[in-house]
Amino acid sequence: MTATMTAAFRKTLCAAALASGLMAAPALAESPALTFALGTNSNGSVEGLLGWRGAPLFYGFQPIVAASLSNRGEGWVGGGLAYTLRAQQQPFFARVALMPGLYRQGSGRDLGGVVEFRSSLEVGIQMRGGGELGLGIAHRSNAGIYSYNPGINTLYLGYSIALN
């Protein structure tokens, strides 16, 4: 992925988050949750993710930690913040997250270095039992801290289980 495309992706993600925030009612209190996701990345690898979101700390932002592993041995682990927007009295949500982390190339794509940032945008629906089903896109890159910065995108389907 070129630097221009990476910058465009970041701008699009920020614009979508801002627009959603202006159109949605204030976020409802979010519960801690455990997330399982499965997807495919732009390297052609199948990737699984396990994540945890904690209770909101401030202004609705939740701490989040996650780890992913692909069938090609690409691994990533990191932590950061997530924010969920929900329309009042509706089961639909949009969630953005940003997590710095550490990357292991395995036999997958060289992303330029070990420090990689994962940004994601997920939309979904809360199920009757409290779980959430979401479709998302995530982007990992080193944000230009290394001279080589190809980035990698993952399209995924996830399920979150509330821990309360």
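Residues numbered from 1 in each chain as written. Predicted model: local features only at pLDDT ≥ 70, side-chain atom pairs only at ≥ 80, totals over all residues. Heavy atoms only, no water.

A. Seen up close, the side chain of Arg 53. On the secondary structure map, Arg 53 appears in strand E2 (residues 46-53). On the basis of relative accessible area, Arg 53 is assigned to the buried category, the value being 4%. At 3.4 Å, the side chain of Arg 53 and the side chain of Glu 132 are in polar contact. At a separation of 3.5 Å, a polar atom in the side chain of Arg 53 contacts the side chain of Ser 160. (Helix = DSSP H or I, 4+ residues; strand = E, 2+ residues; numbered from the N terminus. Buried < 20%, exposed > 50% of the residue type's maximum accessible area, 1.4 Å probe, protein only. Polar contact = N/O pair within 3.5 Å; in protein donor to acceptor, adjacent residues only side chain to side chain.)

B. Looking closely at the packing of aromatic side chains. By the definition in use, this model includes two aromatic pairs. Through pairs of rings, three or more aromatic residues link up here, namely Phe 58, Phe 61 and Tyr 83. (Phe/Tyr/Trp six-rings, centres within 6.5 Å; stacked < 30°, edge-to-face > 60°.)

C. A look at the pairing of strand E5 (residues 92-104). For strand E4 (residues 75-86) and E5, the ladder comprises 10 bridges, and the chain directions are antiparallel. The residue of E5 that forms the bridge with Arg 86 is Phe 93. Between E4 and E5, which pair antiparallel and follow one another directly, the connecting turn spans five residues, one of which, Gln 89, has a positive phi of 60°. Two strands pair when backbone bridges link them, and E5 and strand E6 (residues 115-126) are joined in this way by 11 bridges, in the antiparallel orientation. Within the sheet, the bridge partner assigned to Phe 92 lies in E6 and is Ile 125. (Pairing = 2+ DSSP bridges.)

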